[in-house]
Structures are given as C-alpha cells and as structure tokens.
Amino acid sequence: MLRLIFALLWTVLSMLFSVPLHLYWKHIAKKDPPKAWRKSKGFISGFFKGVTFFAGTKVEIRGAENLPPADKAALFVGNHRSYFDTIILQPIVKGPLGFVAKKEFESYPLLPMYMKDMGSIFLDRDNLRASLKTINDGTERMEKGLSLGLFPEGTRNHGEELLPFKAGGYRMAEKSGCPIILMGLTNFGKIFEENKFHFLRRRHVIIEFDKPVYPSEMDKDQRKEFYDNIPVRIQEMLDEHKKSLQK
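Residues numbered from 1 in each chain as written. Predicted model: local features only at pLDDT ≥ 70, side-chain atom pairs only at ≥ 80, totals over all residues. Heavy atoms only, no water.

Before going further, it helps to spend a moment on helix 3 (residues 33-55). For helix 3, spanning 23 residues, the distance from its first C-alpha to its last is 32 Å, which sits close to the expected 33 Å at 1.5 Å a residue. The largest bend in helix 3 comes to about 35°, at Lys41. Looking one or two places after helix 3, you find Gly56, whose phi comes out positive at around 75°. (Helix = DSSP H or I, 4+ residues; strand = E, 2+ residues; numbered from the N terminus. Expected span 1.5 Å × (residues − 1). Bend = angle between axes of the 7 residues up to and from the residue.)

All right, on to a nonpolar patch on the surface then. Nonpolar side chains collect at one region of the surface, where Met1, Leu2, Ile5, Phe6, Leu9, Val12, Leu13, Leu16 and Phe17 lie side by side and expose about 950 Å² of accessible area between them. Tracing the sequence through the fold places Phe6 in helix 1 (residues 2-17). (Patch = residues over 30% accessible without salt bridge, like charges linked within 9 Å, V, L, I, M, F, W, Y side chains within 5 Å. Areas by Shrake-Rupley, 256 points an atom, 1.4 Å probe, with all protein chains shown as cover. Salt bridge = Lys/Arg side-chain N within 4 Å of Asp/Glu carboxyl O.)

Here we come to the nonpolar core. By size, the foremost hydrophobic cluster in this structure holds 37 residues, and its most contacted members are Phe76, Phe84, Leu89, Leu200 and Phe209. Elements that contribute at least two residues to this core include exactly helix 1, helix 3, helix 4 (84-92), strand 3 (97-102), helix 5 (111-118), strand 6 (180-186) and strand 7 (204-209). When neighbours within four sequence positions are excluded, Phe76 is seen to be in contact with Leu67, Pro68, Val93, Leu97, Ser147, Leu148, Gly149, Leu150, Ile181, Met183 and Phe209. By size, the runner-up hydrophobic cluster in this structure holds 27 residues, among which are Met142, Leu150, Ala173 and Leu182. (Core = buried A, V, L, I, M, F, W, Y, C linked by side-chain atoms within 4.5 Å. Buried < 20%, exposed > 50% of the residue type's maximum accessible area, 1.4 Å probe, protein only. Contact = heavy atoms within 4.5 Å.)

A full pass over the atoms with the stated rule returns 10 aromatic pairs. Taken together, a centroid distance of 5.9 Å and an interplanar angle of 80° make the contact between Phe76 and Phe209 edge-to-face. Note that Phe76 is positioned in strand 2 (residues 75-78) and Phe209 in strand 7, a separation of 133 residues in sequence. Grouping residues by exposure puts Phe76 and Phe209 together as buried. With a centroid separation of 6.4 Å and 10° between ring planes, the pair formed by Phe99 and Phe151 is classed as stacked. Residue Phe99 is located in strand 3, and its partner Phe151 is located in the loop between strand 5 (147-150) and helix 7 (171-176); the two are separated by 52 residues in the primary sequence. You can call Phe99 buried: its relative accessible area is 3%. Here the aromatic residues Phe6, Trp10, Phe53 and Phe54 are joined through ring pairs into a cluster of three or more. One Lys or Arg, Arg156, reaches over the ring of Tyr83 and ends 4.0 Å from the middle of that ring. (Phe/Tyr/Trp six-rings, centres within 6.5 Å; stacked < 30°, edge-to-face > 60°. Lys NZ or Arg CZ within 6 Å of the ring centre and 35° of its normal.)

Here is the structure:
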C-alpha cells in the first residue's frame, strides 16, 4: 500500500510542477519538434525512473548493446503486459522515445499531455484512413530521429500466450529506413495490474533487446518472413526469461 501511495504522490507532484515545462516544450514543438522531444526526454525519464523506484522494481536489461545511440531512431516492437512497459522502457532508450498508443488514451486526464511531449502518436484502429495518416506521421517522426515503441498485440495481455500481432505499424521502420528492435518483457504485469487490489509489488522484471533488423534492406519475401516470425522470436525470449527466473 505504501508503495502505491508514494508512487501516486510522486506522479501528482511531478505533473503539477512540470506544467510550465510542458507549455515550454509545446511552444518549442511548434517550430522544432525534434528539439522539443530531446528537451522533454530528461525530465520524463527522471519522472518514470522515480515511479519505478517507488514501485521497488528491479530491472534486468539484456541486450543493452543492441540499443541505438541517442541520435539514431529505431522502432521498438514487443509484447504488452503493463503500463510499466512504457514507464520502464522510456528511460532505457538513449534518445527521445515516443509510443504508438490507442486513440482512446487521448481522452485520459493529463496523460496525453506527456505522451505528446515524448512525441507519441495516437492510432485509431477503426478508421483506416486515419490509421494510414498516423503511420505516415510516425514515419516522418522516425526520419527526424524519434524512436517509437510499438506493441502489436494492441492491448495489455496477461495470458500465457501472445495475442495476434497487427503488422501495420512495421511499415514505419520500412519506410523510414530505421531498424526494428524486438523486445521481450517479462513480469511487468506483476508490478501492478495482476496484483490483488492493484497494489504495487516489488518485482524482478526482465527486458531484452534483440539485434537491430532493417526491413528497408530486405526484399518483399524476406520482409514478410521476418514480420511473420516476430511473435515467434519474442516468445522465444519470453520462454528463456521464464527458465532463468525459475533457476
């Protein structure tokens, strides 16, 4: 219970004190979005690190050598377990990082403000034209140096098996010439969502980054094979994590 109280207090205070910063970043973004993403990166990463600290989460990072330098963009593709997926991932990535989020998040109080500061885009899966526009917007942002996090399952999944992956977002890496970096995230749901009464619990989580793969350098058949194999590769990472945690 105390973990949840401290994390909520930290979140409320961080949001209140950052309102002037948000207005500043929003002003900069009108003329120079990449500059705004870079400037907001430090504060938001610190905010998220604080939430992780108060949650008592031990984060094990595997494949850190596969992360791109701060001035290079990538599309991070992984399984989706928790709100902590974004909270933990954002500070780990060296450069600015936004996320591909469901359009419904735009109606949440305060949260969209910070998601937009990060450079996140909002996807309306029920509107094909709007979805295509969002994909094009994401491509342009990646060309300007913004990495994006994509969770192709489309929703938080607490089951043993991965949900079907929606492949449309992969085109952002293909069209921008940036790499796809696959991620496996284990135990993230056990920090908060899967606990009774949604209390925060001290957990050991694993996040693993696979080697970068460039879809733009593949022919059509190679890309299809790679895209089709993405859930398989992520499941392999998750299975390996499970074995190591049982030792």
